[in-house]
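Overview (structure and organization)
Below, each chain spelled out in residue letters.
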Amino acid sequence: MIHPVRVRNTVIGEGMPKICVPIVGVTKEEIEAEAKAILQNSSVDIVEWRADWYVDVLDAMKVEDLLNLLREVLGNIPLLFTFRTLEEGGKKAIAVEDYVSLNRRIVQTGNADLIDVELFMGDEAVKAILKEVHAMGKQVIASNHDFHATPEKEEMLARLCRMQELGADILKLAVMPQSRRDVLRLLDVTEDMTTNYANCPVVTMAMGRLGLISRISGEAFGSALTFGALEKASAPGQMKVEDLETVLGLLHKNM
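Because the structure is a prediction, the values reported are computed rather than measured.

**Describing the pairing of strand S5 (residues 79-82)**
Of the two faces of S5, both are covered, the one formed by Leu79 and Phe81 as well as the one formed by Leu80 and Thr82. Here strand S4 (residues 46-50) pairs with S5 via four bridges, running parallel. Bridge assignment links valine 47 to a residue of S5, and that residue is leucine 79. Tracing the backbone out of S4, into helix H2 (residues 60-74) and back to the parallel element S5 gives a crossover that is right-handed. Taken together, the two bridges between S5 and strand S6 (residues 114-118) define a ladder with parallel strand orientation. Of the residues in S6, the one forming a bridge with leucine 80 is leucine 114. The parallel pair S5 and S6 is bridged by helix H3 (residues 96-109), and the resulting crossover is right-handed.

Set out below in structure tokens:
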């Protein structure tokens, strides 16, 4: 049974899939401008700061200052902090110890409601960040991104189950389909995971044009969150927020 996760006034895991919009500015000025633009859009449920895009992301003090600014600008909108590594489609490489240190510092500010932690950073790194996050009363999205292929069903289920075993609050898997059958396999995994294994919200997506259906069919197959773009997408296949809200709303109304 799925237990929804409440983040401020947003509940992930019940009703329509929630819409998360990434901030992908490179400079402080760009990031602030994107945050202010998001405030003008009522379709946004959660904001993700993709900090790996930020030019000074390895300067801890500048990152903390910018996070403070984002918290002030966004008000009560939930904020997800993500450093996506180069290996999983991000903009920068980072050593495991630096990844853990950065995320722990972010958690200690209290300004991020959710922290994205990559499963393949290893069990010890994931556990270290999880412990810090939960001690602060915040939540973790454990994630895995395959930008090259769609693994076999058993492997995808194993990754999601491992995230849950480690104690993550939300489980996220993104894959790159090479065929329509790959998309169907991802949707099958989503339904199977949410029906038979998960006790927390699951977020899945097949990227690119082939996978577009997976970004809008969450309510039918079990994915609790989807990502849309205001202007610049953070991953291939993201729809514009307004279009995403329209489609999700139509599906919800008629289900």
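**Quick word on the sheet that holds strand S11 (residues 239-240)**
Pairing in this open sheet of nine strands is parallel, and the strands run S9-S8-S7-S6-S5-S4-S3-S10-S11 from one edge to the other. This sheet does not close on itself; its edge strands, each paired only once, are strand S9 (202-206) and S11. The sheet contact formed by strand S10 (residues 225-229) and S11 spans two bridges and is parallel. Looking at S11, one finds that alanine 229 is bridged to lysine 240.

Calculation rules
Residues numbered from 1 in each chain as written. Predicted model: local features only at pLDDT ≥ 70, side-chain atom pairs only at ≥ 80, totals over all residues. Heavy atoms only, no water. Buried < 20%, exposed > 50% of the residue type's maximum accessible area, 1.4 Å probe, protein only. Helix = DSSP H or I, 4+ residues; strand = E, 2+ residues; numbered from the N terminus. Pairing = 2+ DSSP bridges. Right-handed = clockwise from strand over helix to strand, strands pointing away.

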